[in-house]
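Spelled out from the first residue to the last, the chains are:
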Amino acid sequence: MREGTNHISTYTEQQDKLLDSACGNCTNQNCLIQKNINTPNIGKLVKARKEIKCKKGQQFIMEGASVTGLFFLLSGKVKVLRTGLHGKEQIVRFATPGEIIGHRGFGTEETYPISAIALVDCTLCYFSKELLQETLRETPSLTYDFMLFYANELNRSEIRVKSLSQMTVRERVIDTLLYINRKFGQTNGYFSLLLSRREYADYAGTTEEQVIRMFSILKKEGLLTTKGKRIGISNITLLKKEISEHNFYLDS
DNA sequence: CCATTAAGAGTGT
DNA sequence: ACACTCTTAATGG
């Protein structure tokens, strides 16, 4: 371990080769690095890749901390949040493997505007800001993919502004349920990702109590199934129908 | 394995 | 938002 890199271990040449091939063999098709693995100049970046293991509940990006690099989620599930005034968390988005985390701090920003917390054990790929910038200048196809990613993120965030400002609590809770379902899917009739009612509220922009009450209403209406922390959608068509006039484009 | 305890889910005010 | 009860999961002997 070296000074200043106490949470990131230093790698030997041999380990570098392993990591190199790890990137090449990575099954993560959503990863922009992996997508451009055959373009020139990317080798240096891939070699400098650091793998970071993150335990459940661990925070790996702190809001306000100075930006050192970007993270790519290799495996696991992450919540990205912004802390509001009275310590209230606003979950900005959830991340699945292949997604970039910390990208808003990239470029001219000096500090991360968000925090990122692992929801389950995670593996992250880390690249330093400097090297990534250098690679982007030399690699148009990667830069283009990044641009598409940023454009898409901006679009998503604008949709979200509309959701939070124009939807009722009921609609926002339903929107949240559909989002979690789209993103993580269901196994055995329940969402694959376990979230507390508080976390549903933090995404939907409500309080825990409102979410709990809305869940029991939806349950009575036969739209939702709950069993402890487990949440399942029992009638997706009806749920989608309720918010269809808000985001008619979003059906997939 | 059971008992204790802590955390989170529900509900009424 | 707060206070309270109930349920479930975690801990430890």
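Remember, it's a predicted structure, so these values are computed and weren't measured experimentally.

Taken in spatial order, the four strands of this open sheet run β1-β8-β3-β6, and their pairing is antiparallel. In this open sheet, the two edge strands, each paired with only one partner strand, are β1 (50-54) and β6 (100-101). Where β1 lies against strand β8 (residues 122-128), five bridges are found, and the strand directions are antiparallel. Across the sheet, E51 pairs through a bridge with C125, a residue of β8. Along the sheet, helix α4 (residues 129-138) contacts β3 (69-75) and β8; its crossing angle with β8, the most-contacted strand, is approximately 70 degrees.

A few words now on the pairing of strand β11 (residues 224-227). Of the two faces of β11, only the one carrying L224 and T226 is buried; T225 and K227 on the other face are not. Between β11 and strand β12 (residues 230-233), which pair antiparallel one after the other, the connecting turn spans two residues, and G228 there sits at a positive phi close to 65 degrees.

Right, let's talk about the pairing of strand β5 (residues 89-95) for a bit. In terms of strand pairing, strand β4 (residues 78-83) meets β5 through six bridges, oriented antiparallel. Paired with R82 across the strands is Q90, a residue of β5. Here β4 folds back onto β5, and the loop between the two strands holds five residues, one of which, G87, carries a positive phi near 75 degrees.

Let's shift gears to the domain arrangement of chain A. Split into domains, chain A comes out as domain 1 (22-162) and domain 2 (168-246). The straight-line distance from the C-alpha centre of domain 1 to that of domain 2 is 27 Å. Across the boundary between the two partners, domain 1 contributes 16 residues, which contact 13 residues of domain 2. Buried surface at the junction of domain 1 and domain 2, both sides included, amounts to about 1300 Å², of which 53% is carbon and sulfur. Along the contact surface separating domain 1 from domain 2 lie three salt bridges. As a salt-bridge pair, K183 and E99 come within 3.0 Å of each other at their nearest N and O atoms. Where domain 1 meets domain 2, there are 11 residue pairs in polar contact (both at pLDDT 80 or more). Mapped onto the side of domain 1 that touches domain 2, the elements with two or more residues apiece are β5 and α5 (140-166). Grouping the constituent residues of the side of domain 1 that touches domain 2 by class yields five nonpolar, two polar and nine charged.

Conventions adopted
- Counting restarts for each chain: residues are numbered from 1 in the order of the written sequence.
- As they are written, the chains are lettered A onward and the ligands numbered 1 onward, keeping that order.
- Owing to the predicted nature of the model, reporting of local features is limited to residues with pLDDT of at least 70; listing and counting of side-chain atom pairs is limited to 80 or more, with chain, interface and lining totals taken over all residues.
- The side-chain values count all of the structure's non-hydrogen atoms but skip hydrogen atoms and water molecules.
- For two strands to count as paired, DSSP must find a minimum of two bridges between them.
- The helix and strand labels rest on DSSP assignments: H or I over at least four residues marks a helix, E over at least two residues marks a strand, and numbering proceeds from the N terminus.
- Only heavy atoms enter the contact rule, under which two residues are in contact if any of them lie within 4.5 Å.
- Axis geometry follows a simple rule: fit a line to the C-alpha atoms, using only the stretch in contact for helices, then measure angles between N-to-C directions, giving values from 0 to 180 degrees.
- For every residue, the accessible area obtained with a 1.4 Å probe (protein chains only) is divided by the maximum for its type, and the residue is called buried under 20%, exposed over 50%, and partly exposed between those limits.
- Domain start and stop points were drawn from an automatic or database domain assignment.
- Once two parts are put together, the accessible area they lose, assessed with a 1.4 Å probe and summed over both, is termed the buried area.
- Should a side-chain nitrogen of Lys or Arg be within 4 Å of a carboxyl oxygen of Asp or Glu, the pair is scored as a salt bridge.
- Any pair of nitrogen or oxygen atoms within 3.5 Å is treated as a polar contact; in protein, a donor-acceptor pairing is required on top of that, and neighbouring residues in sequence qualify only through side-chain atoms on both sides.
- When residues are grouped by polarity, Ala, Val, Leu, Ile, Met, Phe, Trp, Tyr, Cys and Pro land in nonpolar, Asp, Glu, Lys and Arg in charged, and all others, Gly among them, in polar.

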